[in-house]
Amino acid sequence: MKRIKLIKTVSLILGLFLMLTALTSCGKNMGKPLMTLGSEEITVNMYRLLLSRMKGNYGGGDDTVWDTEWEDGRTYNEIFTGFVKQNAMTYLCAMHEFGKLGLKLPDSTVKKIDSLMKSMTEDHGDGSKDKLNSILAQFGVNYDILREMYLTEEKLSMLEEHLYGENGTEAISETIRDEYYKNNYVRIKQIFFYTANKPVTNEDGSYVYDEEGHVTTRDYTEEELAEQKEKADRVMTSLTAGQDFELIMASQNEDSAASVYPSGYYLTKTSEYVKEVIDVAFELSENEFVRVESEYGIHIIKRFPLEEKGYASGTNSDFFTNFEKMLRTDLFTAYLSKYESEIKIDDELLSKYDVKSAATNTIY
């Protein structure tokens, strides 16, 4: 059974700001209202498009995926449908704020979207809007609604830039960055021993590679597994006796990436790393160590204090590629949440739609 790795989507609510496009002003034939805030609304048609995009980006048409249960007993369908609902509410708040601030898209942006729609009609509809509409219908929209959604996406980007851009009204200070860093990251180092996928080596100790350039691996024998566990036991005994973690790591570690990241690994709860390691890393106190086993091997990890402005260090850059984007998205969400209590939702209508029953959309 195919499974979705939620670790890659925990940060989904953050990423959806660039992916989802759903709101518009009242007065246009956008369909039956589903959520309303002031003069802004999300209609059933818009919501169906969002659900179809979610299905296309995470899981596709294999409905067994959506019936799979997460650790808390909820199905992926319930979890991801909830993500779409929350983001739709956030977008509605954003459009409300866009109007309150009196912002307006420049003509050049409107022309860009019109050019995109023209190309889409030519490429997907053979020059016919009617043919394009017959394709879009499965996702709940037509040419006009899709165009309006693309314009809305541009409005949302403009609003975020207006608030948090270089000259934004809510400029991000170093104090805010530091606080976000301290509240969302942990730094660890690890002493690692493989118990799966043992690299195959030549007589000189060099790795053997396959035709695609990957290191060839094999299963560990029972004797080798016992030896790996004994190594880990000895390390834990030494650490408990007070020996220096980094000194042992320098001589005992099988994690080749350790030399690339001398400051250790910076992790958030949504990092794409070993789940068992992430979970325990956030439970540790600074300078505390623990042994964790995963499908890959034995991890002996220690939590280190965060470096001062570690997010700005070139040595750590691989761990902070999305730092600014995630920070802005979190601030944007928090800023707009003040309007959520004012949103009117047709719950009965909303309950009729979910990700599982949506069409799979990877294009629009």
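Residues numbered from 1 in each chain as written. Predicted model: local features only at pLDDT ≥ 70, side-chain atom pairs only at ≥ 80, totals over all residues. Heavy atoms only, no water.

### Looking at unusual backbone geometry
Inference 1: Unusually for a residue other than glycine, Asn287 sits at a positive phi of about 75°.
Inference 2: Relative to the assigned elements, Asn287 resides in the loop between α11 (275–281) and β8 (289–293).
Inference 3: The phi dihedral of Lys309 is positive, around 50°, even though this residue is not glycine.
Inference 4: With respect to the helices, strands and loops of the structure, Lys309 is situated in the loop between β9 (297–304) and α12 (323–336). (Helix = DSSP H or I, 4+ residues; strand = E, 2+ residues; numbered from the N terminus.)

### What to know about the packing of aromatic side chains
Inference 1: Evaluation of the coordinates by the stated rule reveals 24 aromatic pairs.
Inference 2: With a centroid separation of 6.0 Å and 45° between ring planes, the pair formed by Tyr181 and Tyr185 is classed as tilted.
Inference 3: Using a relative accessible area of 3% as the deciding quantity, one classes Tyr185 as buried.
Inference 4: Relative to Phe323, the ring of Tyr311 has its centre 4.7 Å away and its plane inclined at 10°; by these criteria the two rings are stacked. Of this pair, Tyr311 sits in the loop between β9 and α12 while Phe323 sits in helix α12, placing them 12 residues apart in sequence.
Inference 5: Take Tyr311: its relative accessible area is 12%, and that puts it in the buried class.
Inference 6: In this structure, Lys129 is placed above the aromatic ring of Tyr143, and the distance from its NZ or CZ to the ring centre is 4.1 Å.
Inference 7: Looking at Lys338, its charged tip hangs above the ring of Tyr335, at a distance of 4.1 Å from the centre. (Phe/Tyr/Trp six-rings, centres within 6.5 Å; stacked < 30°, edge-to-face > 60°. Buried < 20%, exposed > 50% of the residue type's maximum accessible area, 1.4 Å probe, protein only. Lys NZ or Arg CZ within 6 Å of the ring centre and 35° of its normal.)

### Focus on the sheet that holds strand β7 (residues 265–267)
Inference 1: The strand order across the open sheet built from 4 strands is β7-β4-β9-β8, with neighbouring strands paired in antiparallel fashion. The two strands at the open ends of the sheet, each matched to only one other strand, are β7 and β8. The sheet shows a mean angle of 40° between the axes of neighbouring strands, direction not considered.
Inference 2: Here 5 bridges tie β8 to β9, and the two strands are oriented antiparallel to one another. The residue bridging Phe289 from the neighbouring strand is Lys302, located in β9. (Pairing = 2+ DSSP bridges. Axes fitted to C-alpha atoms, helices over the stretch in contact; angles between N-to-C directions.)

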